[in-house]
Amino acid sequence: KRGRIIVTGSISAIAARPTISAYIASKGAVHALTRELAVELAKEGITVNAIAPGYFATEMNTALIDNIEFNDWVCKRTPAARWGKPEELGPACVFLASDEASFVNGHVLVVDGAFTAAM
(Lines give C-alpha, C1' and ligand atoms only; values in the text may rest on other atoms or scores of the structure.)
Protein backbone atom coordinates (compact mmCIF):
# COMPACT_ATOMS: atom_id res chain seq x y z
CA LYS A 1 0.00 0.00 0.00
CA ARG A 2 2.60 2.46 -1.08
CA GLY A 3 3.65 4.00 -4.33
CA ARG A 4 5.36 6.90 -6.00
CA ILE A 5 4.37 8.69 -9.17
CA ILE A 6 6.86 11.21 -10.51
CA VAL A 7 5.95 13.16 -13.64
CA THR A 8 7.89 15.60 -15.75
CA GLY A 9 6.67 19.18 -15.73
CA SER A 10 8.65 22.22 -16.81
CA ILE A 11 9.71 25.64 -15.62
CA SER A 12 7.80 26.87 -18.67
CA ALA A 13 4.63 26.28 -16.68
CA ILE A 14 6.01 28.75 -14.11
CA ALA A 15 7.94 31.29 -16.22
CA ALA A 16 6.50 31.59 -19.71
CA ARG A 17 8.42 32.27 -22.91
CA PRO A 18 6.95 33.55 -26.21
CA THR A 19 6.06 31.24 -29.12
CA ILE A 20 5.56 28.02 -27.15
CA SER A 21 2.02 28.52 -25.82
CA ALA A 22 0.85 24.94 -26.43
CA TYR A 23 3.88 23.56 -24.58
CA ILE A 24 3.33 25.97 -21.68
CA ALA A 25 -0.35 25.09 -21.44
CA SER A 26 0.35 21.35 -21.51
CA LYS A 27 3.01 21.58 -18.79
CA GLY A 28 0.68 23.75 -16.70
CA ALA A 29 -1.86 20.95 -17.00
CA VAL A 30 0.77 18.42 -15.87
CA HIS A 31 1.44 20.51 -12.75
CA ALA A 32 -2.30 20.79 -12.00
CA LEU A 33 -2.83 17.06 -12.56
CA THR A 34 0.07 16.35 -10.19
CA ARG A 35 -1.69 18.26 -7.41
CA GLU A 36 -5.06 16.67 -8.13
CA LEU A 37 -3.71 13.11 -8.20
CA ALA A 38 -1.74 13.75 -5.00
CA VAL A 39 -4.98 14.64 -3.23
CA GLU A 40 -6.87 11.75 -4.79
CA LEU A 41 -4.27 9.03 -4.13
CA ALA A 42 -2.83 10.09 -0.77
CA LYS A 43 -5.17 7.79 1.19
CA GLU A 44 -3.79 4.87 -0.82
CA GLY A 45 -0.24 5.65 0.32
CA ILE A 46 0.69 6.95 -3.11
CA THR A 47 2.55 10.22 -3.53
CA VAL A 48 2.41 12.17 -6.77
CA ASN A 49 5.05 14.79 -7.49
CA ALA A 50 6.53 16.51 -10.52
CA ILE A 51 9.99 17.61 -11.47
CA ALA A 52 10.16 20.88 -13.39
CA PRO A 53 13.48 21.01 -15.21
CA GLY A 54 14.96 24.23 -16.46
CA TYR A 55 17.13 24.32 -19.54
CA PHE A 56 19.01 21.03 -19.86
CA ALA A 57 21.58 20.15 -22.49
CA THR A 58 19.99 17.17 -24.24
CA GLU A 59 19.79 15.95 -27.82
CA MET A 60 16.29 17.41 -28.02
CA ASN A 61 17.73 20.87 -27.33
CA THR A 62 20.65 20.68 -29.76
CA ALA A 63 19.16 23.36 -32.05
CA LEU A 64 18.71 25.73 -29.09
CA ILE A 65 22.20 25.03 -27.76
CA ASP A 66 23.67 25.62 -31.22
CA ASN A 67 21.76 28.92 -31.54
CA ILE A 68 24.38 31.32 -30.15
CA GLU A 69 21.83 34.02 -29.25
CA PHE A 70 19.54 31.59 -27.39
CA ASN A 71 22.44 29.78 -25.72
CA ASP A 72 23.85 33.09 -24.49
CA TRP A 73 20.41 34.10 -23.21
CA VAL A 74 20.05 30.85 -21.22
CA CYS A 75 23.53 31.17 -19.72
CA LYS A 76 23.03 34.84 -18.80
CA ARG A 77 19.49 34.32 -17.49
CA THR A 78 20.37 31.28 -15.35
CA PRO A 79 22.21 32.25 -12.14
CA ALA A 80 24.22 29.01 -12.43
CA ALA A 81 25.38 30.46 -15.79
CA ARG A 82 25.01 27.19 -17.71
CA TRP A 83 22.62 24.56 -19.02
CA GLY A 84 21.78 21.69 -16.68
CA LYS A 85 23.23 18.23 -17.25
CA PRO A 86 20.76 15.34 -17.57
CA GLU A 87 22.46 13.45 -14.73
CA GLU A 88 21.52 16.32 -12.40
CA LEU A 89 17.85 15.30 -12.61
CA GLY A 90 18.39 11.76 -11.29
CA PRO A 91 19.03 12.71 -7.65
CA ALA A 92 15.78 14.68 -7.55
CA CYS A 93 13.90 11.60 -8.79
CA VAL A 94 15.69 9.37 -6.29
CA PHE A 95 14.68 11.70 -3.46
CA LEU A 96 11.02 11.86 -4.52
CA ALA A 97 10.94 8.05 -4.82
CA SER A 98 12.57 7.53 -1.42
CA ASP A 99 11.08 6.85 2.00
CA GLU A 100 12.48 10.21 3.08
CA ALA A 101 9.97 11.88 0.74
CA SER A 102 6.96 9.92 2.05
CA PHE A 103 5.24 13.15 3.17
CA VAL A 104 6.19 15.16 0.08
CA ASN A 105 3.05 15.04 -2.01
CA GLY A 106 1.61 17.29 -4.69
CA HIS A 107 4.89 19.15 -5.04
CA VAL A 108 6.56 20.50 -8.17
CA LEU A 109 10.31 20.28 -7.57
CA VAL A 110 12.09 22.86 -9.71
CA VAL A 111 15.57 21.86 -10.89
CA ASP A 112 16.74 24.89 -12.85
CA GLY A 113 19.97 26.44 -11.56
CA ALA A 114 17.84 29.21 -9.94
CA PHE A 115 16.37 30.31 -13.30
CA THR A 116 12.87 30.84 -11.85
CA ALA A 117 14.21 32.35 -8.60
CA ALA A 118 15.96 35.24 -10.36
CA MET A 119 14.47 38.47 -11.67
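The rules we used
- Residues numbered from 1 in each chain as written.
- Predicted model: local features only at pLDDT ≥ 70, side-chain atom pairs only at ≥ 80, totals over all residues.
- Heavy atoms only, no water.
- Helix = DSSP H or I, 4+ residues; strand = E, 2+ residues; numbered from the N terminus.
- Buried < 20%, exposed > 50% of the residue type's maximum accessible area, 1.4 Å probe, protein only.
- Contact = heavy atoms within 4.5 Å.
- Phe/Tyr/Trp six-rings, centres within 6.5 Å; stacked < 30°, edge-to-face > 60°.
- Lys NZ or Arg CZ within 6 Å of the ring centre and 35° of its normal.
- Arc of directions from axis to C-beta.

A.B. asks: Looking at this model, I keep getting lost on the side chain of serine 12. Mind explaining?
C.D. replies: Within the secondary structure, serine 12 is located in the loop between β1 (3-8) and α1 (21-41). Assessed through its relative accessible area of 7%, serine 12 is described here as buried. Apart from residues lying up to four places away in sequence, serine 12 is in contact with Ile20, Tyr23 and Ile24.

A.B. asks: Where do I start with the packing of aromatic side chains in this structure?
C.D. replies: For any pair of aromatic rings, geometry is given as the distance between the ring centres together with the angle between the planes. By the definition in use, this model includes seven aromatic pairs. One cation-aromatic arrangement involves arginine 77 over phenylalanine 115; the distance from NZ or CZ to the ring centre is 4.0 Å.

A.B. asks: When you look at helix α3 (residues 68-77) in this model, what are you seeing that I'm missing?
C.D. replies: For an α-helix, 3.6 residues make a turn, and residues three or four places apart therefore share a direction. Buried within α3 we find Phe70, Asn71 and Val74. End-on, the buried residues of α3 take up no more than an arc of 100 degrees, which puts them together on one face. Turned more than 90 degrees off the buried face of α3, the exposed positions are Ile68, Glu69 and Lys76. Taken together, the buried residues of α3 touch α2 (62-66).

Geometric values such as these leave the question of function open.
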